[in-house]
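The residues making up each chain are set out below.
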Amino acid sequence: MTRQTPDTVAVIGGGRMGAGIAQVFATLGSEVTVIEAGDRDAAHARIVKGLDVAAAKGKLAATPGQVLSQVQVVADIADLPADSALVVEAVPEDVALKADVLAAAEKVVGAQTVLATNTSSLSIGELGVVLADPSRFIGMHFFNPVPASSLVEIVRSEATGEATVAAVVDYVAALGKQSIVVQDSPGFATSRLGVALGLEAIRVLADGVADAESIDRAMELGYRHAMGPLRSTDLVGLDVRLAIAEHLASTLGARFEPPQLLRDKVSRGETGRKAGQGFYPWDTATKEAR
Ligand SMILES: NC(=O)c1ccc[n+]([C@@H]2O[C@H](COP(=O)([O-])OP(=O)(O)OC[C@H]3O[C@@H](n4cnc5c(N)ncnc54)[C@H](O)[C@@H]3O)[C@@H](O)[C@H]2O)c1
């Protein structure tokens, strides 16, 4: 199989995921343009930090500065390179916002550009209806943190063309990551399974069956999961999990109805590691569980 590096990549949204996606493509050798509507310095700083971490782990062949010279952060979608081989949208999980930026991007790029979204749960088919050519549109579901995770879930809708799937499978392989190709369906394969386990773990906790550490240890040692479902929910963010659970409950049924404990914790602001409190207390400076 060829492992083709896209020469030019654009990433829309330079947040947690977008910065990571920009970092891995720049490390591969692509010229990367990040379109960030908010704080561009913060987006740039996230990429610098990610590259420094990669360098400290000995994972960069070049210096962070050399990789950074291939990255520019701009404010406006109009500045997206028309010759981009790939555009990955990574703005917040909001259908209207994503549809807006994807439609705007399609107007700027050439016919050869693949348009991808990093949504973790929204329908690829529904997002694609705003495009003149939905056959070039696909889901590229990266995981957090992008540089360290080895999977990209590729999501094809009925409208996605074979050439689009083939190109994206190739790009993922070039990144040194594994891909799975799944059909467009609420929560795809990964979020649906991850959220199901996370919600049931919260119910086990709420029912008083076991404490948080015991529940996580059960899955880590008993089922060889790399991380237990409650700790994992703390890292993802309880608010993010709640939003996905509500979406899955409305599309797949009541089995995804969020437990009251999850709602209560989110309304108290206990949204996980980023807030210093989720199912565990977290040190926000070191980002370690206390
Ligand atoms: N965080 C995760 O663990 C994770 C994992 C997989 C997928 N995702 C998905 O990735 C997407 C992004 O998530 P995130 O965690 O990086 O969010 P984030 O809030 O960290 O980043 C979003 C960025 O987009 C920017 N933005 C907002 N509107 C914009 C616009 N119109 N044009 C350009 N930039 C704009 C924001 O300023 C922000 O920097 C979401 O769809 C999310 O569901 C997240």
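Note that the coordinates shown come from a computational prediction; the quantities given were computed from them, not determined experimentally.

J.: Tell me about the nonpolar core, and please be specific about residues and values.
T.: Among the nonpolar cores identified, the biggest contains 38 residues, and Ile-21, Phe-25, Val-32, Ile-47, Leu-86, Met-140 and Phe-142 are the most heavily contacted of them. A total of 7 residues in this core trace back to one element, the largest contributor, which is helix H1 (residues 16-28). Apart from residues lying up to four places away in sequence, Ile-21 is in contact with Val-11, Val-88, Ala-90, Asn-118, Phe-142 and Val-146. One finds Val-87, Ala-105, Leu-127 and Val-155 within the second-largest nonpolar core, a separate group that totals 21 residues.

J.: I'd like a rundown of the site of the ligand, residues and numbers included.
T.: Neighbouring residues of the ligand: 24 residues in total, closest Met-17, Glu-36, Glu-93, Lys-98 and Ser-120. At 2.5 Å, a side-chain N or O of Glu-93 approaches an oxygen atom of the ligand. One of the side-chain N or O atoms of Ser-120 is found 2.7 Å from an oxygen atom in the ligand. Coverage of the ligand by the protein amounts to 78% of the 840 Å² it exposes when considered alone. Of all the elements in the fold, those that place two or more residues in the shell around the ligand are H1, helix H4 (95-108) and strand S6 (137-142). If you tally residues by element for the shell around the ligand, the top one is H4, at 3 residues.

J.: I'd love a proper account of the environment of Gly-15, names of residues and values included.
T.: Position of Gly-15 relative to the elements: it lies in the loop between strand S1 (8-12) and H1. By relative accessible area, which is 23% here, Gly-15 ends up partly exposed. In sequence terms Gly-15 and Glu-36 are 21 residues apart; their C-alpha atoms lie 8.2 Å from each other. The residues touching Gly-15, leaving out its near neighbours within four places in the chain, are Glu-36 and Arg-46.

Reading the values: rules and limits
- Residues numbered from 1 in each chain as written.
- Predicted model: local features only at pLDDT ≥ 70, side-chain atom pairs only at ≥ 80, totals over all residues.
- Heavy atoms only, no water.
- Core = buried A, V, L, I, M, F, W, Y, C linked by side-chain atoms within 4.5 Å.
- Buried < 20%, exposed > 50% of the residue type's maximum accessible area, 1.4 Å probe, protein only.
- Helix = DSSP H or I, 4+ residues; strand = E, 2+ residues; numbered from the N terminus.
- Contact = heavy atoms within 4.5 Å.
- Near = heavy atom within 4 Å.
- Polar contact = N/O pair within 3.5 Å; in protein donor to acceptor, adjacent residues only side chain to side chain.
- Areas by Shrake-Rupley, 256 points an atom, 1.4 Å probe, with all protein chains shown as cover.

Nothing here speaks to function; it is all geometry.
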